[in-house]
Amino acid sequence: MTDDEGRAAGQWFVGTHGPPVDARDDEHPARWLHVTDKHGFLAAAQELDPALRERLAAVHAVTREVPKRPTAAVRWLDDDWVAVLTPTVWYTEDDRQVHTGELGVLAGPDTVLTFEAGGAQVHDRALDRLRGPGPAHGSGAQRVALAVVLGLVGVASEVEVALGDAVADTERLVFDRSVSDPVQRLYDLKREITEARRALLPVAAELPELTDGDGRRVVADRRPLERVATTVERIDRHLDAHDGLLSDMLQVHLSQVSVRQNEDMRKISAWAAILVYPTVIAGIYGMNFRNMPELHWLLGYPFALALMAVGCVVLYRVFRRVGWL
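Residues numbered from 1 in each chain as written. Predicted model: local features only at pLDDT ≥ 70, side-chain atom pairs only at ≥ 80, totals over all residues. Heavy atoms only, no water.

Novice: An account of the overall build of the chain is requested, with residue identities and associated values reported.
Specialist: Counting its secondary structure elements, the chain contains 8 helices and 6 strands. Expressed as a percentage of its 325 residues, the buried residues of the chain come to 39%. Contacts in the chain between residues at least 24 apart in sequence constitute 64% of all its contacts with a sequence separation of at least 6. (Helix = DSSP H or I, 4+ residues; strand = E, 2+ residues; numbered from the N terminus. Buried < 20%, exposed > 50% of the residue type's maximum accessible area, 1.4 Å probe, protein only. Contact = heavy atoms within 4.5 Å.)

Novice: Could you give me a rundown of unusual backbone geometry, with the residues and numbers involved?
Specialist: We note that R96 has phi near 50°; this positive angle belongs to a residue other than glycine. Counting through the fold element by element, R96 comes out in the loop between β4 (82-92) and β5 (97-107). Since its relative accessible area comes to 38%, R96 is described here as partly exposed. Even without being a glycine, Q121 presents a positive backbone phi close to 60°.

Novice: Residue-level account of the pattern of salt bridges, with values.
Specialist: Scanning the model with the defined rule gives 8 salt bridges in all. For the salt bridge of D169 with R172, the shortest nitrogen-to-oxygen distance reads 2.2 Å. Taken as a pair, D169 and R172 lie in helix α5 (residues 140-174) at a separation of 3 residues, close to a single helical turn. For R172, a relative accessible area of 55% translates into the label exposed. As a salt-bridge pair, R198 and E195 come within 3.4 Å of each other at their nearest N and O atoms. (Salt bridge = Lys/Arg side-chain N within 4 Å of Asp/Glu carboxyl O.)

Novice: Give me the packing of aromatic side chains: which residues, what numbers.
Specialist: Geometry of an aromatic ring pair is reported as the spacing of the ring centres plus the angle between the planes. Per the stated rule, a full pass over the model turns up 4 aromatic pairs. Taking the centre distance of 5.0 Å and the plane angle of 50° together, the rings of F41 and F115 count as tilted. Linking F41 in helix α2 (residues 38-48) with F115 in strand β6 (residues 111-117), this pair joins segments that are 74 residues apart in sequence. Neither F41 nor F115 differs from the other in exposure class; each is buried. (Phe/Tyr/Trp six-rings, centres within 6.5 Å; stacked < 30°, edge-to-face > 60°.)

Novice: So, helix α8 (residues 300-321): which residues are in play, and what are the values?
Specialist: Helix length check: α8 (22 residues) gives 32 Å between terminal C-alpha atoms against 32 Å at 1.5 Å per residue, within 8%. Every buried residue of α8 is accounted for by G300, A304, M308, G311, C312 and F319. The arc enclosing the buried residues of α8, seen along the axis, measures out at 115°, which places them on a common side. In α8, the exposed positions that point more than 90 degrees away from the buried face belong to V310, R317 and R321. Positive backbone phi, approximately 85°, marks G323, located one or two places after α8. (Expected span 1.5 Å × (residues − 1). Arc of directions from axis to C-beta.)

Novice: Describe a nonpolar patch on the surface, listing the residues and the values that go with them.
Specialist: On the surface, V276, V280, I284, M287 and F289 cluster together into a nonpolar patch covering about 450 Å² of accessible area. Position of V280 among the secondary structure elements: in helix α7 (residues 222-285). Given a relative accessible area of 42%, V280 falls into the partly exposed group. (Patch = residues over 30% accessible without salt bridge, like charges linked within 9 Å, V, L, I, M, F, W, Y side chains within 5 Å. Areas by Shrake-Rupley, 256 points an atom, 1.4 Å probe, with all protein chains shown as cover.)

Novice: Residue-level account of the nonpolar core, with values.
Specialist: Judged by nonpolar contacts, the single largest core of 48 residues is most densely connected at W32, V148 and L163. Take this core: its biggest share by element is 15 residues, from α5. What V148 contacts, discounting residues up to four positions off in sequence, is W32, L103, V105, T114, V122 and A126. Counting residues in hydrophobic clusters, the runner-up holds 15 residues, among them F41, A44, L77 and L106. (Core = buried A, V, L, I, M, F, W, Y, C linked by side-chain atoms within 4.5 Å.)

Novice: Any chance you could break down the pairing of strand β3 (residues 73-76) for me, citing the residues and the numbers?
Specialist: Across a regular strand the side chains alternate sides, sitting on one face of the sheet and then on the other. Sheet topology places β3 next to β4; 4 bridges connect them, and they run antiparallel. Looking at the pairing, W76 lines up with V82 of β4. In textbook terms, the turn of a hairpin is the stretch between consecutive antiparallel strands, and for β3 and β4 this stretch comprises 5 residues. (Pairing = 2+ DSSP bridges.)

Just distances and angles here, no functional claims.
What follows is the structure in structure tokens.
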């Protein structure tokens, strides 16, 4: 399949719209092919080199050995071709959830083949980076591969910032007495942070494989990848800090609940004591023993009522003074 045929069929193309992106130069011509799904990814690899498809399928199988867990893989298929399969992450404000997708990169001497599943838009970010000003590192293929990696980490950085803002909003809710129970939101946010870390950690583990000691490298300069690895570690540290802050919030909330329960118990105990006092007085004078002179007093009934009222007032003032009411 040629590039023009692929573009017409809607399966793969060079760049996005119009002419190819600035990924080629006079000394190192290169092309960037982007497909819409994994099947097209393997089919395009078949078009490039029949041997690449089998090796690429084997790499893809490695990332599926553990289902429902994001995994990444960087494998050199031969001396010139390297395959990168990695999860992607993005954050949606409406439902405050982290979503994961998948990104595939096949980079060779003069060609880069990519596919992306999900809404992270790493491909579009890489295009913007290539079209914008900046120093050129190595050949066109190397520049494309580096732009894709930088786009991937850039999206992860934005997810970390969005989660940090969500943590700050949740912190205000914890200390807001009008919110009855923020535990569900705390738990949901901790789960989303865990999801982001699970998708990001495989990337950090596999990045060093893009350059090795044999001199094979997908980028001309090792320093950009080192900065990318440092950025990934920084993002993970920040996510870990956000998760720790949420754990502290949960402990604070549980402490607040305990304090409120103690306050409620003190109020209940104070009112119970106040109500028990007149009951005790009534119980004493309700025994009707013969030798109870108060039963024959003219003012015995008002005296008992006054004794109840005075005792209740005294108890109320005492409990107010000690902070129980």
